[in-house]
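Letter by letter, the chains look like this.
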Amino acid sequence: MSDSKSRIIEILKKFGELPQSELVRISGLSKSRLSEILSELEKQGLIERKKSLGKNLSVKLSNKFIKIGIIRAAEYPFIIPFVKALKERGFFVDILIYDNGLSLTKDLVEGKINIGFSPVVTQLIFKKIFNNFDIIGGGAKGGGGIIGESLCDRVGSTTMSSMEIWSLLYNPDLNLQSYDSPESMVTDLENHKINAISIWEPYFTILIRKGYPILHTFEPLHCCTLAVRNELDKDLIKKVYEESFTSFLFQKDRWVIDYANLLGINYSILSDSVKNYVFDYYLDLNEIRRNLRKIGILGI
């Protein structure tokens, strides 16, 4: 791909859909040169143009460009073969890493990412309101628990997360304190600002290695699930996902080192953390809804 084409692609990745006139200004290309490049990209199926107001055209990347959001967790080593399989089918894939599922799911709803792996409870709530994506697959079960000095007083948890739900399923009377990231929870635990935290892998294993006692280990329920925006070919995405997931299950260790490099997490820690998950792409949303009703979350 030429430098000019690559520049246009990068601009559209950064800014999203733009008027063609605005693309002229940002790119610094002449109207005629930009029009030539856009025609070539359109023929290649890499961009789409449509009429906006009057004779104006807006430009956006086609559905060949996919942004996948994941949470910084040991939960998704299967993302490596999934991305590889998507690229083999002609997709261009970027992975974005988030600190929490709430931010990730908001970006999914707003179209900043096309595919998201975030807590199923968060997805169900957002889907009820916006309905511009579908939940089409499972991923990993378990992989978390409550760790710290005691369950008295406050227990830290991320907002609208599986950790929050599982903590309340374990003990509805827990006094949960909300956090935006696992790092801030760990910091407050280490500084004795909070007695315990409800947290996922690899942070759970990291804290065990530091000598913190395990107060409760969550049973293996689905945590983060696969959600896909409506404009994508969901049947194709699901097929690719299930095929790559099956491949992952046959040789899990092969993908862990690449996943550790993606997250920037020590391989030894990540390898131990992955063992605490049960991987399963089959998803029973009715089972999840039953668990949510136990703690009073109804209608999703």
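The structure reproduced in this document is the subject of the present report. Because the structure is a prediction, the values reported are computed rather than measured.

1. A short note on the pairing of strand S9 (residues 144-148)
With 5 of 5 residues buried, S9 is to be regarded as a mostly interior element. Here S9 shows two buried faces, one formed by Gly-144, Ile-146 and Gly-148 and the other by Gly-145 and Ile-147. Sheet analysis places S9 next to strand S12 (residues 196-200), joined by 5 bridges and oriented antiparallel. The residue of S12 that forms the bridge with Gly-144 is Trp-200.

2. Describing the side chain of Gln-123
Secondary-structure assignment places Gln-123 in helix H6 (residues 120-130). Once residues lying within four places of it in the same chain are set aside, the contact partners of Gln-123 are Thr-105, Gly-116, Phe-117, Ser-118, Phe-133, Ile-135, Thr-225 and Ala-227.

3. A few points about the nonpolar core
Counting residues in each nonpolar core, the largest one holds 80 residues, and the members touching the most others are Ile-68, Tyr-76, Ile-79, Phe-82, Ile-115, Phe-117 and Ile-199. Examining the composition of this core, we find that 6 residues originate from one element, helix H4 (residues 79-88), more than from any other. For this core, the two domains that each supply at least three residues are domain 2 (65-139 + 221-265 + 279-295) and domain 3 (142-217). Beyond its immediate chain neighbours, meaning those up to four positions away, Tyr-76 contacts Ile-70, Ile-71, Phe-117, Cys-224 and Tyr-259. Residues Ile-8, Leu-34, Ile-37 and Phe-65 belong to the second largest nonpolar core, which totals 17 residues.

4. Section: helix H8 (residues 182-190)
Taken as a whole, H8 has its buried residues at Pro-182, Met-185, Val-186, Asp-188 and Leu-189. Mapping the buried residues of H8 onto a view down its axis gives an arc of 165°, with all of them on the same face. Structurally, H8 contributes buried residues whose contacts are with S9, strand S10 (154-158), strand S11 (175-179), S12 and helix H9 (203-209). Remark: His-192 follows H8 within two positions and exhibits a positive phi of approximately 60°.

5. Some words on helix H13 (residues 285-294)
Those residues of H13 that fall on the buried side of the exposure criterion are Ile-288, Asn-291 and Leu-292. Down the axis of H13, the buried set is contained in an arc of 100°. They therefore lie on one face. Tucked inside the fold, the buried residues of H13 contact H6 and helix H7 (162-170). Between the side-chain oxygen at the start of H13 and the backbone nitrogen of Asn-286 there is a gap of 3.1 Å, and the oxygen is on Asp-284. Gly-296, located one to two residues past H13, shows a positive phi value of around 90°.

Definitions and cut-offs
- Residues numbered from 1 in each chain as written.
- Predicted model: local features only at pLDDT ≥ 70, side-chain atom pairs only at ≥ 80, totals over all residues.
- Heavy atoms only, no water.
- Buried < 20%, exposed > 50% of the residue type's maximum accessible area, 1.4 Å probe, protein only.
- Helix = DSSP H or I, 4+ residues; strand = E, 2+ residues; numbered from the N terminus.
- Pairing = 2+ DSSP bridges.
- Contact = heavy atoms within 4.5 Å.
- Core = buried A, V, L, I, M, F, W, Y, C linked by side-chain atoms within 4.5 Å.
- Domains from an automatic or database assignment.
- Arc of directions from axis to C-beta.
- Polar contact = N/O pair within 3.5 Å; in protein donor to acceptor, adjacent residues only side chain to side chain.

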